[in-house]
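Report on the structure
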2 protein chains.
Amino acid sequence: MPVEDFLAQVRFDGAGLVPCIVQEESTGLVLMMAWMNEESLKLTLETGSTWFWSRSRSELWHKGATSGNTQRLIELRFDCDADTLLALVEAAGPACHTGAHSCFFRSVG
Amino acid sequence: MPVEDFLAQVRFDGAGLVPCIVQEESTGLVLMMAWMNEESLKLTLETGSTWFWSRSRSELWHKGATSGNTQRLIELRFDCDADTLLALVEAAGPACHTGAHSCFFRSVG
């Protein structure tokens, strides 16, 4: 779908945010989930590198800007309701601030 | 992590919900993202089949109860902030109400 049509369809929530699942394209591992506002979504599409909105710091966040662990966007998918995004990426390093490759390193039971 | 410890750690949002990414274990495909409240999370762990909270209908929702396309829980993971869940499942049929195998069947650009 053309970018302009997509941007007109995305359903941001009441806070102007949409959740974005980040999946490593080469391995299929789900690396993290973070939030995008319209500006970070446009930056992600324009630069080919993931940008998010940090809800805790209330600021735009270029993933990897300080750590070097950027994520190159390979494909951006969106779901049937257009209220959740799925970014397929190539990761330059660990996704998690703990140093783990994926933020989902713990399991229940 | 033991279930009791996990339930004490999960960080539900202001509406009492936590996003749950559903991934097909055998293929690595991300099938859908939906929301769980504490009750649906407990039901999922107790029954081994995914339950969610429908925000549009304001009711508990046993995935596949009407369509037959249930999801058997293989493993439940959670992220570093304990505010996002990742359910690895075996899907009995399509995840999407459109009949698509995954809800993420469209892409941008």
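A brief structural summary. (Residues numbered from 1 in each chain as written. Chains lettered and ligands numbered in written order. Predicted model: local features only at pLDDT ≥ 70, side-chain atom pairs only at ≥ 80, totals over all residues. Heavy atoms only, no water.)

Let's talk about the sheet that holds strand 6 (residues 85–91) of chain A
Pairing is mixed in the open sheet, where five strands are placed in the order 2(A)-1(A)-6(A)-5(A)-7(B). Single-partner strands in this sheet number two, and they are strand 2 (30–36) of chain A together with strand 7 (106–107) of chain B. The sheet contact formed by strand 5 (residues 71–78) of chain A and strand 6 of chain A spans seven bridges and is antiparallel. If you follow Leu73 of chain A over to strand 6 of chain A, its bridge partner there is Val89 of chain A. The strands that helix 2 (residues 38–47) of chain A touches are strand 2, strand 5 and strand 6 of chain A; relative to strand 2 of chain A, the one it contacts most, it runs at about 130 degrees. (Pairing = 2+ DSSP bridges. Helix = DSSP H or I, 4+ residues; strand = E, 2+ residues; numbered from the N terminus. Contact = heavy atoms within 4.5 Å. Axes fitted to C-alpha atoms, helices over the stretch in contact; angles between N-to-C directions.)

Notes on the layout of surface pockets
In this model, the second largest pocket occupies a volume close to 180 Å³. Along the wall of the second largest pocket there are 14 residues; nearest its centre are Gln23, Leu86 and Leu88 of chain A together with Leu29 and Val30 of chain B. Listing elements by their share of the lining of the second largest pocket, those giving two or more residues are strand 1 (18–24), strand 5 and strand 6 of chain A. (1 Å grid on protein atoms, 1.4 Å probe; cavity = no way out; pocket = protein on both sides within 12 Å on 5 of 7 lines; lining within 4 Å. Points joined across faces, edges and corners; volume = space filled by probe spheres on them.)

Things to note about the interface of chain A and chain B
With 35 residues of chain A in contact, the opposing surface of chain B contributes 35 residues. Approximately 2900 Å² of surface area, both sides summed, lies buried where chain A meets chain B, with 62% of it carried by carbon and sulfur atoms. Here chain A is connected to chain B by 22 residue pairs in polar contact (both at pLDDT 80 or more). The residue inventory of the side of chain A that touches chain B, partitioned by class, reads 20 nonpolar, eight polar and seven charged. In this sheet, strand 7 of chain B lies alongside strand 5 of chain A in antiparallel orientation, the contact comprising two bridges. In the strand pairing of strand 7 of chain B, Arg77 of chain A is matched with Ser107 of chain B. (Buried area = accessible area lost by both parts, 1.4 Å probe. Polar contact = N/O pair within 3.5 Å; in protein donor to acceptor, adjacent residues only side chain to side chain. Nonpolar A, V, L, I, M, F, W, Y, C, P; charged D, E, K, R; others polar.)

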